[in-house]
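# Report on the structure
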Amino acid sequence: MTQLHGKKALVTGASRGMGRATALALAAAGAEVLVHYSFNEKAANTVVEEIIGNGGKAHAVAADLRDIQGTFDLSERVREITSGKLDILVANAGIARPARLEDTTVADFDDMFAVNVKAPFFLVQQLSPIMGAGSSIILTSSLATRTTVGDLSAYAASKGAISTLVTHFAAELGSRGIRVNAIAPGVVATDMSSFVETTEGQEFTLGIQAIKRVATPEDIAGVIVFLAGDDARWVTGDVIRADGGSKL
Ligand SMILES: NC(=O)c1ccc[n+]([C@@H]2O[C@H](COP(=O)([O-])OP(=O)(O)OC[C@H]3O[C@@H](n4cnc5c(N)ncnc54)[C@H](OP(=O)(O)O)[C@@H]3O)[C@@H](O)[C@H]2O)c1
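Keep in mind it's a predicted model, so treat the numbers as computed, not measured.

## Quick notes on the overall build of the chain
Along the backbone of the chain there are 7 helices and 7 strands. The order of α-helices and β-strands along the chain, N terminus first, is β-α-β-α-β-α-β-α-β-α-β-α-α-β. Whereas a compact globule of 248 residues would reach a radius of gyration of roughly 18 Å, the chain reaches 17 Å, a difference of no more than 12%. Along the three orthogonal principal directions, the C-alpha set of the chain runs to about 45 × 40 × 35 Å. Taken across its 248 residues, the chain has 49% of its residues classed as buried. Partitioning the intrachain contacts of the chain with sequence separation of at least 6 by distance along the chain shows that 74% fall at a separation of at least 24. If you average the places of the 22 positive and of the 27 negative side-chain charges in the chain, the two averages end up 5 Å apart.

Laid out in structure tokens, this is it:
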């Protein structure tokens, strides 16, 4: 099992869904976790309390990542809380505003690119200077980058940018011993993909997957913990599909 004792991790969007599961899993492996959220303070505090209740260390940190100032403020808080040394950065926070081409608004397009691309880009810019050899950055891509799954063209483009950034960040940061990868989940049962709670949503999901069950956030968190730890020391610049064999 991956050991992360003595490591400090930031997980963005850790109040709910995959970020929450990832924060709990990193803490279970021994990491001290900064649990980021945007507005859902109560949910973030519950994650922090659960980690502390299990004997771990955690802190809640708020920032709205639609505004670039939120990214800079979050980075400053992370530098303060970690005393200037971060080992694991999981840029997980994301938003999806499904819409057909003709219905996609400029505001929704801009919000998706702000949270899904601009924020991770500048978080890596701001926080990689306090990450050293052996550190790991994990970004969040999506199945939507390689196939259509609903009306998600703008969202898919934002995730496509993440898959591209991984290559370039990994090349740039590799000489400092920092690995950079992304995870590309398929449909996962979270608030974002609440359509899986309907019979049609579940049928659609199982219909595109080789494995016939709906993914849980914990299915993804385990892969992120692996990427964060030393067992993945030779893995960088990659996008790891974790989608139960979707659209094979
Ligand atoms: N669910 C899927 O099927 C699926 C599939 C592929 C990829 N993904 C990607 O996986 C990641 C996690 O998705 P999820 O389904 O776990 O999401 P989720 O359950 O909807 O949770 C989203 C998280 O992001 C935070 N967030 C939302 N808007 C934000 C903003 N403006 N600024 C900062 N943080 C914000 C939320 O904080 P609050 O609680 O404070 O609002 C929450 O912690 C996302 O990048 C998503 O695109 C999801």
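## What to know about the packing of helix H1 (residues 17-28) against helix H7 (residues 217-228)
For the pair H1 and H7, the least separation of the axes is 8 Å and the interaxial angle reads 50°. Judged by the inter-axis angle, H1 sits oblique to H7. Between H1 and H7 lies a crossing of right-handed hand. Judged by residue contacts, Gly17, Met18, Ala21, Thr22, Ala25 and Leu26 of H1 engage Pro217, Glu218, Ile220, Ala221, Ile224, Val225 and Ala228 from H7. Its residues placed into classes, the contact of H1 with H7 shows 10 nonpolar, 2 polar and 1 charged.

## Description of the pairing of strand S2 (residues 32-37)
The buried fraction of S2 amounts to 6 of the 6 residues, a majority that puts the element mostly inside the structure. Because side chains alternate across S2, one face comprises the buried residues Glu32, Leu34 and His36, and the other comprises Val33, Val35 and Tyr37, equally buried. With 4 bridges joining them, strand S1 (residues 8-11) and S2 adopt parallel strand pairing. Note on S2: the bridge partner recorded for Leu10 is Leu34. As for the winding sense of the linkage, the β-α-β connection from S1 through H1 to S2 is right-handed. Here S2 pairs with strand S3 (residues 58-62) via 5 bridges, running parallel. Note that in S3 the partner of Val33 across the bridge is Ala58. For the segment spanning S2, helix H2 (residues 41-53) and S3, crossover handedness is right-handed.

## Section: the environment of Ala170
Considering the arrangement of structural elements, one finds Ala170 in helix H5 (residues 153-173). Taking the C-alpha atoms as reference points, Ala170 and Val235, 65 residues apart in sequence, are found 9.9 Å from one another. Sequence-distant contacts of Ala170, that is, excluding residues within four places in its chain, are made with Val180, Thr236 and Gly237.

## Quick notes on the sheet that holds S2
Note: strands within a sheet are paired through backbone hydrogen bonds, in either parallel or antiparallel orientation. The 7 strands are arranged S3-S2-S1-S4-S5-S6-S7 in an open sheet whose pairing can be described as parallel. The open sheet has two edge strands, S3 and strand S7 (239-242), and neither has a second partner. Averaged over neighbouring strand pairs, the angle between their axes works out to 20° when direction is ignored. In this sheet, strand S4 (residues 88-91) lies alongside S1 in parallel orientation, the contact comprising 3 bridges. Bridging across to S4, Val11 finds its partner in Val90. In the packing of H1 onto the sheet, the strands contacted are S1, S2, S4 and strand S6 (179-185), and the crossing angle to S1 comes to about 170°.

Quick notes on the rules
Residues numbered from 1 in each chain as written. Predicted model: local features only at pLDDT ≥ 70, side-chain atom pairs only at ≥ 80, totals over all residues. Heavy atoms only, no water. Helix = DSSP H or I, 4+ residues; strand = E, 2+ residues; numbered from the N terminus. Rg over C-alpha atoms; globule rule 2.2 N^0.38 Å. Buried < 20%, exposed > 50% of the residue type's maximum accessible area, 1.4 Å probe, protein only. Contact = heavy atoms within 4.5 Å. Lys, Arg positive; Asp, Glu negative; His and termini not counted. Charge placed at Lys NZ, Arg CZ, Asp CG, Glu CD. Axes fitted to C-alpha atoms, helices over the stretch in contact; angles between N-to-C directions. Parallel < 35°, antiparallel > 145°, perpendicular 65-115°, else oblique. Left-handed = near helix turned anticlockwise from the far one by under 90°. Nonpolar A, V, L, I, M, F, W, Y, C, P; charged D, E, K, R; others polar. Pairing = 2+ DSSP bridges. Right-handed = clockwise from strand over helix to strand, strands pointing away.

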